[in-house]
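# Summary of structural features
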Amino acid sequence: MNVIIIEDEKPSARRLQRMLEKLDIQAKTMLHSVEESLEWFQKNQHPDLIFLDIQLSDGLSFEIFETIDIKSAVIFTTAYDEYALQAFKLNSIDYLLKPIDEDDLAKAVKKYQERIPQKQTVNIDFNDIKKLLVNPIDREYKKRFSVKVGQHIKLINIDDIECFYSENKGTYLHCTDGRNYLLDTTLELLENELEPRTFFRINRKFFVNIHAIKDMVSYTNSRLQIKLKTYNAEEVIVARERVKDFKDWLE
């Protein structure tokens, strides 16, 4: 099976590549932008299957189809439900919500393999898509959070936050001044609100700000311990299964 990955976040692309390898599928080609993809499709034989991120660094991946008549099946990947729902209505095999789950990936691949005899091209109604997607490439991540302090509401800029963490069923942010504030949200909801180049989820309990990392040291069971500038309430450990992605993210 000839498979390629089109994903602008290189750590996510490499993670998907490794997950596919566990399914005995080699995705040797990884593309990271609309421009790079257009150039590749003009020079290469189209693959059997494309794993396609909807929002790339230089535009929507749908723009690739406006220029090139793609002769491949597509599994869309996205962090945003509104995009995924639209992609599901298109002539695609499936869609996967980020972070991609191994079981969901296996089911999507199986679905593709069961439909291989029904070779088909991808037909997309671009006008319909553009009506549904409002300024998608101008995606804004949160710049500040509001927290309640007694009877007052305080605004905290994202640059002043070292980490987000969960504790006793609550979600907190920790500031550079050493203070902690309770948030009315969950780490799962924060996944789509935080700039991925700045914040990384190192385990089930923590998002860390790359600018707040003071030191990193090896830890037991092939894990990493993170030392933040002011947070020291408990050990901050990169989960073993996240270490490779974390190192990629640092670069």
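Residues numbered from 1 in each chain as written. Predicted model: local features only at pLDDT ≥ 70, side-chain atom pairs only at ≥ 80, totals over all residues. Heavy atoms only, no water.

### Describing helix α1 (residues 10–22)
The first and last C-alpha atoms of α1 sit 19 Å apart over 13 residues, in line with the 18 Å expected at 1.5 Å per residue. Of the surrounding elements, those touching the buried residues of α1 are β1 (3–6), β2 (29–31), β3 (49–53) and α5 (102–114). (Helix = DSSP H or I, 4+ residues; strand = E, 2+ residues; numbered from the N terminus. Expected span 1.5 Å × (residues − 1). Contact = heavy atoms within 4.5 Å.)

### Brief notes about the environment of Phe164
Here Phe164 lies in strand β10 (residues 161–167). For Phe164, a relative accessible area of 0% translates into the label buried. In the structure, Phe164 is positioned 43 residues away from Phe207 in sequence and 5.1 Å away in space, judged by C-alpha atoms. With sequence-adjacent residues up to four places away left out, Phe164 is seen in contact with Phe145, Ile158, Tyr172, Leu173, Leu183, Leu187, Leu190, Leu194, Phe199, Lys205, Phe206 and Phe207. (Buried < 20%, exposed > 50% of the residue type's maximum accessible area, 1.4 Å probe, protein only.)

### Details of the sheet that holds strand β17 (residues 236–238)
Reading across the sheet, the three strands line up as β15-β16-β17 and stay open at both edges, with antiparallel pairing between neighbours. A single partner strand is all that each edge strand has here, and the edge strands are β15 (213–219) and β17. Looking at each pair of strands side by side, their axes are set apart by 30° on average, direction ignored. (Pairing = 2+ DSSP bridges. Axes fitted to C-alpha atoms, helices over the stretch in contact; angles between N-to-C directions.)

### Points about the environment of Ile68
Summarising the element assignment, Ile68 is placed in the loop between α3 (62–67) and β6 (73–78). A relative accessible area of 11% means that Ile68 is categorised as buried. Beyond its immediate chain neighbours, meaning those up to four positions away, Ile68 contacts Leu38, Phe41, Gln42 and His46.

### Some remarks on the packing of α1 against helix α8 (residues 243–250)
Their axes nearest at 9 Å, the elements α1 and α8 cross at an angle of 150°. Here α1 is positioned roughly antiparallel relative to α8, judged by the angle of their axes. Remark: the crossing between α1 and α8 carries right-handed chirality. Of α8, the residues touching α1 (which contributes Pro11, Arg14, Arg15 and Arg18) are Lys244, Asp245, Asp248 and Trp249. (Parallel < 35°, antiparallel > 145°, perpendicular 65-115°, else oblique. Left-handed = near helix turned anticlockwise from the far one by under 90°.)

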